[in-house]
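# Examination of the molecular architecture
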Amino acid sequence: MTTMGRLSLGAMVIALTVLLGSAATTAAGPLDTPGYAKAFACSACHGFAGTSRADTIPVLAGMPAWYLKKAIEDYASGKRPAAEMEPYAKMVKELGVDDVAGYFAAQKKETTPLTPDAAAVARGRAASAPCAGCHGPAGKGDPAKGVPDLTGQPAGYLLNQMLLFKADRRSPGDAALRDLKAAIRPIPEATLADLAAYYSSLK
Amino acid sequence: MTAATRRQFLKSSGAGLGLLITGAAGCAAPLRGDFSPKKGRRVVVIGGGWGGATAAKYVRLGDPSIDVVLLEPNKEFVSCPFSNLVLSGVRTIESLTRGYDGLRRHGVRIYHAEASAIEPDRRRVRVGEGYLEYDRLVVSPGVEFQWEQIEGLAQARETVLHAWKAGPQTVALARQIQSMPDGGVFVLTIPPAAYRCPPGPYERVCQVAWYLKNNKPKSKLIVLDANQDIISKKGLFLAAWKMYPAIEYRASSKVAKVDPSTREVTTDFGDRVRYDVVNVIPPQRAGTIAVQADLVGGDKRWCEVDHVTYESAKHKNIHVVGDATIGIPVPKSGTIANAMGKIAASAVVHLLNGKQPPAMAPVNVCYSWVSDREAMAVINAYRIQSGKVVQIEQKLTPGHSIAIAQNAVGWTTSIWNDILG
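Residues numbered from 1 in each chain as written. Chains lettered and ligands numbered in written order. Predicted model: local features only at pLDDT ≥ 70, side-chain atom pairs only at ≥ 80, totals over all residues.

## Focus on the confidence of the model for chain B
Applied cut-off: A residue's pLDDT is simply how confident the predictor is in it, with values from 0 to 100.
Looking at chain B as a whole, its pLDDT mean stands at 94, while 93% of the residues score no less than 70. Prediction confidence for the complex, expressed as pTM and ipTM, is 0.90 and 0.89 respectively.

## Some details on the packing of helix H9 (residues 155-166) of chain A against helix H11 (residues 189-201) of chain A
Each pair of packed helices gets described by two things: the angle between the helix axes and the distance between those axes. Residues and elements named next belong to chain A. As a reminder of what qualifies: A fitted line through C-alpha atoms represents every axis, and for helices the fit uses only the stretch in contact; the resulting angles, taken between N-to-C directions, go from 0 to 180 degrees. Secondary structure elements are defined from DSSP: runs of H or I of at least 4 residues count as helices, runs of E of at least 2 residues count as strands, and each element is numbered from the N terminus. Here is the rule for angles: anything less than 35 degrees is roughly parallel, anything more than 145 is roughly antiparallel, 65 through 115 is roughly perpendicular, and the remaining ranges are oblique. Whether a crossing is left-handed or right-handed is set by the direction in which the near helix is turned from the far one by less than a right angle, anticlockwise for left-handed and clockwise for right-handed. Working definition of a contact: two residues with C-beta atoms, positioned from the backbone, lying within 7 Å. When residue character is reported, Ala, Val, Leu, Ile, Met, Phe, Trp, Tyr, Cys and Pro are called nonpolar, Asp, Glu, Lys and Arg charged, and the others, Gly included, polar.
Viewed as axis vectors pointing N to C, H9 and H11 meet at an angle of 135°, and their least axial separation amounts to 8 Å. Judged by the inter-axis angle, H9 sits oblique to H11. The way H9 lies across H11 gives a crossing that is right-handed. Between H9 and H11, the residues in contact are Ala155, Leu158, Leu159, Met162 and Leu163 and Glu189, Leu192, Ala193, Ala196, Ala197, Tyr199 and Ser200, respectively. Residues belonging to the contact of H9 with H11 are distributed by class as follows: 10 nonpolar, 1 polar and 1 charged.

## Quick word on the interface of chain A and chain B
Accessible area lost on assembly of the parts is the figure often given for the size of an interface. Contacts between the two partners involve 31 residues from chain A and, on the opposite side, 40 residues from chain B. Elements with a contribution of two residues or more to the side of chain A that touches chain B: helix H1 (3-31), helix H2 (34-38), helix H3 (40-46), helix H5 (86-95) and H9 of chain A. Of the residues contributing to the side of chain A that touches chain B, the split by class is 16 nonpolar, 8 polar and 7 charged.

## Here's the deal with the sheet that holds strand E15 (residues 255-259) of chain B
Picture the strands of a sheet paired through backbone hydrogen bonds; they go either parallel or antiparallel. All names here are of chain B. Cut-off, in case you're wondering: By the convention used here, strands pair only if DSSP detects at least 2 bridges between them.
Strand order in the open sheet made by the 3 strands is E15-E16-E17, with antiparallel pairing throughout. At either margin of the open sheet sits one strand with a lone partner, and together these are E15 and strand E17 (272-274). Direction aside, the axes of adjacent strands within the sheet are offset by 20° on average. Sheet topology places E15 next to strand E16 (residues 264-267); 4 bridges connect them, and they run antiparallel.

## Quick word on the nonpolar core
Residues and elements named next belong to chain B. Operational definition: To define a nonpolar core, we join buried Ala, Val, Leu, Ile, Met, Phe, Trp, Tyr and Cys residues through C-beta atoms within 7 Å and take the resulting set. Exposed residues have 12 or fewer other C-beta atoms within 10 Å of their own C-beta, buried residues have 20 or more, and partly exposed residues fall in between, where C-beta atoms are placed from the backbone.
Leu71, Val125 and Ala290 are the most contacted members of the largest nonpolar core, which totals 182 residues. No other element matches the 10 residues that helix H9 (residues 334-352) contributes to this core. Once you skip the residues sitting within four places of it in the chain, Ala290 turns out to touch Val139, Pro141, Leu295, Val296, Cys303, Val320 and Ala324.

Have a look at this one:
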């Protein structure tokens, strides 16, 4: 056997090892992730691995576990009244919210594929100063204070949540949200739509 | 193979002889012999609808080393959910139509051909003159109509439409409604449960009534329901029907006969109802392949399955998903078929890797459109308890609204992508 032959044989062994190694990892991946199958409870509406394509349904891919767990808790208890979420929230709690939240948090953060109107984004940016105080100049929120990341969520979802806050129909009476609701109440719906477009456009 | 199944196989494979099959490459050539010899582990999926297409994709997502072959005669997927909106002209059929290229990108190999028989003992699916070997088979055959249950229906299939499988019939029924004179009578007949999409007929009533109200206000809409009452979302539908005085709903009115020459349907009580346009939704059973392959239970209509793996109660290594199943306390809905596809795929991947499948229950949401812009919904969550699917909770939306209709649109956007993207 020539040196050349020995080298290529060595390279083949390495290539084969890499190939087998990667195949084994891929096969083991979803099967051994406890949240993978449990997240099937969410994917019909929120998309595979939480990659929602819809305007009024939030993206879960890359959502921090603390926020998803809070949302599930609030939907299950009826604090966030929503017929379209309450049964699923109860189901996720039974399945194990830590597994489900951990699964979505481990996904690469996705932003909505829907592009908001550029003029609305510009108007929203100009009107965003009152939000930046808590959500930060880049809209990334502050986990330490329980303030969520707004960036890249679909505009329809962001607008619907602001309208629920405005009408005090999301977490009514929650002291932690009193200032937020007071800030949103005087803002006209058209401006809320602009704000939604702006935060949706941020990556 | 038992004598009975062998006879069924011979009969059905004979029926498949001489069929022209379009192969994966798109060329029309008969598939003969073992037309795609199995090398590694393989899953074959029969039926590319809500359950089957989802299962095919999710087996590949769960373990890309498994070869997945999908058998689906249609070149395009047409969504049954939302197809009632085509009857009212609110949606086009094109807006409900998707291709299968997304599945191909996941490595699913697709033959646009019809499975003609299953040989469980040899783990083979017959496709006309050819066959395919499998390690595990997922059967998602949808429903077939029991034409023989209504006198005159089999002969009148070209003009008395069901429009209960979205596609050409949906478009043709929309045209019949458009051609009906103002002041005409539209008759819709609903089969006894169980049938595909329990709220579907009542949503159809809303859509046709909305169209008539806006375009032919002197017309009448008579609903002949074989069931004793509205079987799904009754309160929500009755609230919506208040918008449409043209609706006349008759419970316990099972249609026994249809006669296009006199334009009459007759109920099993002998009541005759004259129509200008009739829409007969026939009684249903599991798709033909499931019946031929002896996957149906004692009722000869539907397939019993394990609640965790969806493996057939009749044959090993064959999983059945979607509307063809029975015995699980879930509706025959698109969301359920999609959920079953995912769970069965996960079970198949676990079993092929020598692992215990996780006990995961399905979820359901059924949106119904009550006008051109408003919808309502029923939501069901389930758990697995002692190996069986049990409902945790059912909730209805408080009423119908534009906001719920927006969520309905969001649901289709996400779920069509979940199935095919």
